[in-house]
Amino acid sequence: MMQHLPILQIIVPLLGAPLAALLRGRDLAWGLALLLTGVAFLISVVLFGQQKIAGEALIYELGGWPAPIGIVYVIDAASALVLPVVSGIAFVATIAARRLVEAEIDARDHALFYAAWLLTIAGMLGQVTTGDAFNIFVFLEISSLSAYALVAMGAGRDRRALPAAFNYLILGTVGATFYVIGLGLLYMLTGTLNLMDLSERLADVESTRAVFTALAFIALGLFLKMALFPLHFWLVPAYAHAPSAVSALMAATATKVSVYVLIRLIFGVFGIEFPGLADAVGLLILTLGIAGAFVGTLAAILETDLKKLFAQSSIAQLGYMAIGIGAMSATGLAAAFIHLFNHALMKGALFLAIGAIAAQAGRASMHTIEGAGRQIPITMTAILVGGLALIGVPLTAGFISKLYLIRALLEQDFWMLAGLTFISSALALAYVWKIIEAAWLKERPEDAPVLTESPVQYVPAWLMVVATIGFGIFSAPLVEAAYAAANVFIGGTR
Amino acid sequence: MAVDTLILALLGLPLLASALVLLLRDKPDLRDGQALLIGAITAACAVRLYASAETDTVHFISLAAGLDISFTPEPLGKLFALVAGVLWPVATLYTIGYMRGAGEANHTRFMFFYAIAIHAAMGIALSGNLLTLFVFYEILTFSTYPLVTHKGTPEAMRAGRIYLGILVASSVVLLLFGVIGVWVLTGTLEFKSGGILAGHIDPFYVPFLLALFAFGIGKAALMPLHRWLPAAMVAPTPVSALLHAVAVVKAGVFTVLKVAVYIFGIDFLRETASSDWLVYVASFSILAASVVAMTKTNLKARLAYSTISQLGYIVLGASLATSLAASGAALHIAAHAAGKITLFFCAGAIYVAHHLTDIKDMNGLGRVMPVTYTAFALGALSIIGVPPLAGAWSKIMLMGGALDNGHLLVLAALMISSLLNLVYLGEIVLRGFFAAPTHGLKSEAVQEAPMSMVLPLALTAAMSVALFFAVDYFILDFAKPAGG
């Protein structure tokens, strides 16, 4: 049983999906989703522990076929770190989903909603664990197709969810296609799809034009999937018009998984020694990251709809992860992993809290939360702490992210870039301040609806808030795990 | 008592006071009485800590390698803790008188945040490293915001926005960047005598790093980041006392000095000549603020610009990079605190007793409020730097430091500034005692503010005198290794 955990990690939610679709009672479907995501989270945690104790990659051969003939699932320090993020957020989001889904989605669709919900989670977990490049594409499509459906389910409340889902579908498919084209070129050159095997065989064909083309297609496809500036336009409407529970799940996990896949492909297959990777590709990713950080932050400052505001802020935060990757060093990758982890917590908390407001008031805008600081203090405080973490205030997880990101840049003597990164992250203060001002410094308008809060709504958000503060104070284990993850790809110590 | 107990007491007592303020919100006398009592105990602890020679470190938590929340009492920090600790109960007594005399609302909220601000000031004073200092620095900013906007008028809210905007933005953009930069370069943030940067950084970059701190510490109100201080004068006078004397600006210049001494190291700054540019910026700030002060006729506005000028002295002392100048700057923290709190107490007393805010309306008022005006005269003379008042010593030491380092222009700036101080502070005293009355009061009979306001201002005026004679206890020697 224990040695089958790597595959159970994916199988459990995957097989749960058709089961959920068959369960007609909505509480049953939710209960099943809660149970299975809980089990998936448990498996992730155990896998993390197993990998840490083993100190090396755990390789699971599907059907007993060894690589490169069979498909393998690899639990190394990097995937072991990302799995609990995805499954943990999925579990907490499922707890919160019940109320949010009840409020926003037609009761007849609940079973289907949870089926798609479990599918997208299974797809994400699959992308993280698999050691096969084509398998990544399969899981990418599983998670994306179900995510398009989930976003479109927002249409019952907000018709704009339909064009948003359609845009997302078109661009998502373009991204996946680019990825698979690049992969095809690699397969043509090397005759293998196993990631480890690929990286070994690439050495023979390293400087051919076909390999560079493959790298360009794969990188571009993944930039699109991770919403790296300037390929981010699908993200804001998709997050803003999706059902609140979906916004929370996707904002916290979907793009992160693509970041992880990008790292795995660029460093795990092509490798830091690949000609032109460390300078040209690195510089490109750095530049796009910084540009994204500014564009996202400035757009967030101008935004009045809270879901869109934090979606724009996600563009900026993905920019920071890109900056970490672009630094092309162990510290840079560690910073990217740290921020991937921390940002999932912060954005999960923020979107769950905002979702609780949106589910009641129909939407969550600056106007909706005017004076709400006194009416729903617990929910608003969760938003406040999440906002402070986005700025990177010490004693929140965001500070640790910022610390290692700046360190990665300064280690390479990128003083200017470090300064720019810093300024853009401090600009986050402007949009967080707008929220503070609206919620606490303004009086609630007389005609505004009365907002209420109950533990069902704020406990899930607060679970993540507590984790944000916890990992901000006791950050040593996370930093250690992130360095271990980075060392899978690039050698180097703290 | 052991040193670690004293540290915990200094950090914990203000928190206790704030909790009790909330609990006793329905019993105003009890609420104010306990704040006074706890303030007195805090003052005693601060004195006791200042007298102690031990330097134990109290560790709380460790975030990552080289990132701790810890507290270490070193001489400079103990001096600031002493200033904040001793002035707190005095200011509390004054606050009680002012809030009741001027009929301000929301007394409980006010007392609560006042105590939190003192807690933050203690955290800054005793912090063992830059991270701890930064955290408490931000707590101080946020806890004083409700005090600045206390009146809730549109004007107060606007002032609050400038206050929070400048202080938070400068600290989050510049100061935090500097802190992280130091951590990346050295792997630690601990305050060590002699500094930690020497050998870890290319001297070319030192002036830039110093600039991150000099301008990032917005609370030091170095021009052009001074706007928040005059804006904040819309707050009730006890807040002005807190901002100008007890905690806020003092925390700012204290941080500048502490960073110069324990992070950069005085010798390192002198050898690399990295702080020369700051000498001129600080001198400019001193003179320009004095000139602006002369144009203001609102008493509190004039005092606010006077503070900006005086803070320049302390930044100057840090940037001159000699141990004499640094000691002078440290002494000036205490001397200016005693002097300026007296001046603000007097301004508040004048407002509560006669509702006057403009200097032109105060002619002849000295004969009506003799105690207040005598105290004002003493505070003013101390700030001008006339013996036998505390300000004289610190100015002499700063001048000596400037001479040591060959900055003759700075010497000239200091002298011109003293002259300007004499003009704009002397004017108030002279109008009060000798000019024909314009205050519009019917009689010339003595009409002072309530006793709970007059007593504190007399006390702080007396401190200015006492500090001159007891100056030996307050001269810190940065030349020999001190602290841990």
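Computed from a predicted structure; not experimentally measured. (Residues numbered from 1 in each chain as written. Chains lettered and ligands numbered in written order. Predicted model: local features only at pLDDT ≥ 70, side-chain atom pairs only at ≥ 80, totals over all residues. Heavy atoms only, no water.)

K.L.:
If you had to explain the interface of chain A and chain B to someone new, which residues and values would you point to?
P.N.:
Across the boundary between the two partners, chain A contributes 27 residues, which contact 24 residues of chain B. Regarding the contact of chain A and chain B, the summed buried area is about 2300 Å², with carbon and sulfur atoms giving 85% of it. There are one salt bridge connecting chain A and chain B. Here arginine 161 of chain B and glutamate 437 of chain A are joined by a salt bridge, their closest N and O atoms 2.7 Å apart. Here chain A is connected to chain B by one residue pair in polar contact (both at pLDDT 80 or more). Elements with a minimum of two residues in the side of chain A that touches chain B: α16 (397-411), α17 (415-441) and α18 (455-473) of chain A. Of all the elements, α17 of chain A adds the most residues to the side of chain A that touches chain B, at ten residues. Its residues assigned to classes, the side of chain A that touches chain B shows 20 nonpolar, four polar and three charged. (Contact = heavy atoms within 4.5 Å. Buried area = accessible area lost by both parts, 1.4 Å probe. Salt bridge = Lys/Arg side-chain N within 4 Å of Asp/Glu carboxyl O. Polar contact = N/O pair within 3.5 Å; in protein donor to acceptor, adjacent residues only side chain to side chain. Helix = DSSP H or I, 4+ residues; strand = E, 2+ residues; numbered from the N terminus. Nonpolar A, V, L, I, M, F, W, Y, C, P; charged D, E, K, R; others polar.)

K.L.:
Would you mind going over helix α10 (residues 248-264) of chain B in detail, with residue names and values included?
P.N.:
All names here are of chain B. Between its first and last C-alpha, α10 extends 23 Å over 17 residues, near the 24 Å set by a 1.5 Å rise per residue. Burial of α10 is extensive: 17 of the 17 residues sit out of reach of the surface. Looking at the residues trailing α10, positive phi occurs at glycine 265, about 90 degrees. (Expected span 1.5 Å × (residues − 1). Buried < 20%, exposed > 50% of the residue type's maximum accessible area, 1.4 Å probe, protein only.)

K.L.:
Go over the UniProt feature "domain: NADH:quinone oxidoreductase/Mrp antiporter transmembrane" (unreviewed entry) in chain A, please, and point to the residues and values.
P.N.:
Following the UniProt record, one finds the feature "domain: NADH:quinone oxidoreductase/Mrp antiporter transmembrane" (unreviewed entry) at residues 132-427 of chain A. Overall, residues 132-427 of chain A shows 79% helix and 0% strand. The separation of its end C-alpha atoms is 40 Å. (UniProt positions renumbered as here; feature names shortened; annotations may be inferred.)

K.L.:
Any details on the packing of aromatic side chains? Residues and values, ideally.
P.N.:
Given two aromatic rings, their pairing is described by the distance between the two centres and the angle made by the two planes. Residue and element names in this part refer to chain A. On inspection of all chains with the given rule, the structure shows 36 aromatic pairs over all chains. Pairing phenylalanine 212 with phenylalanine 274 gives two aromatic rings, centres 5.6 Å apart and planes at 65 degrees, and the pair type is edge-to-face. Placement of phenylalanine 212 in helix α8 (residues 209-225) and of phenylalanine 274 in the loop between α10 (244-270) and α11 (277-302) is noted, with a sequence separation of 62 residues between them. Given a relative accessible area of 34%, phenylalanine 212 falls into the partly exposed group. (Phe/Tyr/Trp six-rings, centres within 6.5 Å; stacked < 30°, edge-to-face > 60°.)

K.L.:
Go over the pattern of salt bridges with me, naming the residues and quoting the values.
P.N.:
Pairing is possible between side chains of opposite charge, provided their charged atoms come close. Counted by the stated rule, this structure contains 16 salt bridges over all chains. For the salt bridge of glutamate 102 of chain A with arginine 98 of chain A, the shortest nitrogen-to-oxygen distance reads 3.6 Å. Of this pair, glutamate 102 of chain A and arginine 98 of chain A are both found in helix α3 (residues 77-104), four residues apart, which corresponds to roughly one turn of the helix. According to the relative accessible area criterion, glutamate 102 of chain A is partly exposed, its value standing at 32%. Note that lysine 258 of chain B is salt-bridged to glutamate 74 of chain B, the shortest N-O span being 2.8 Å. Taken together, the residues lysine 258 of chain B in helix α10 and glutamate 74 of chain B in the loop between β2 (67-71) and α3 (75-101) connect sequence positions 184 residues apart.

K.L.:
Please set out unusual backbone geometry residue by residue, giving values where relevant.
P.N.:
Residue and element names in this part refer to chain A. Here the bond from phenylalanine 229 into proline 230 is cis, since omega is 0 degrees, no more than 30 degrees from zero. For proline 230, the location among the structural elements is in the loop between α8 and α9 (235-241). Positive phi is not limited to glycine here, since methionine 328 has a value of about 55 degrees. In this structure, methionine 328 sits in the loop between α12 (306-326) and α13 (330-361). Residue classification places methionine 328 among the buried residues on the basis of a relative accessible area of 10%.

K.L.:
Account for a nonpolar patch on the surface, naming residues and giving values.
P.N.:
Residue and element names in this part refer to chain A. Judged by side-chain polarity, Phe166, Leu169, Ile170 and Val174 come together as a nonpolar surface patch covering roughly 320 Å² of accessible area. With respect to the element layout, phenylalanine 166 can be found in helix α6 (residues 161-190). Residue class for phenylalanine 166 comes out exposed when judged on its relative accessible area of 54%. (Patch = residues over 30% accessible without salt bridge, like charges linked within 9 Å, V, L, I, M, F, W, Y side chains within 5 Å. Areas by Shrake-Rupley, 256 points an atom, 1.4 Å probe, with all protein chains shown as cover.)

K.L.:
Outline helix α19 (residues 476-487) of chain A, supporting the account with residue identities and numerical values.
P.N.:
The terminal C-alpha atoms of α19 of chain A, which comprises twelve residues, lie 16 Å apart, in line with the 16 Å expected from a rise of 1.5 Å per residue. Of the residues making up α19 of chain A, those classed as buried are Leu478, Val479, Ala481, Ala482, Tyr483, Ala485 and Ala486 of chain A.

K.L.:
Quick rundown of the environment of glycine 400 of chain B? Include the residues and the values.
P.N.:
Residues and elements named next belong to chain B. Looking at where glycine 400 falls in the secondary structure, it is placed in helix α17 (residues 390-404). Since its relative accessible area comes to 18%, glycine 400 is described here as buried. On a C-alpha basis, the gap between glycine 400 and glycine 339 in space is 22 Å, while along the polypeptide they are 61 residues apart.

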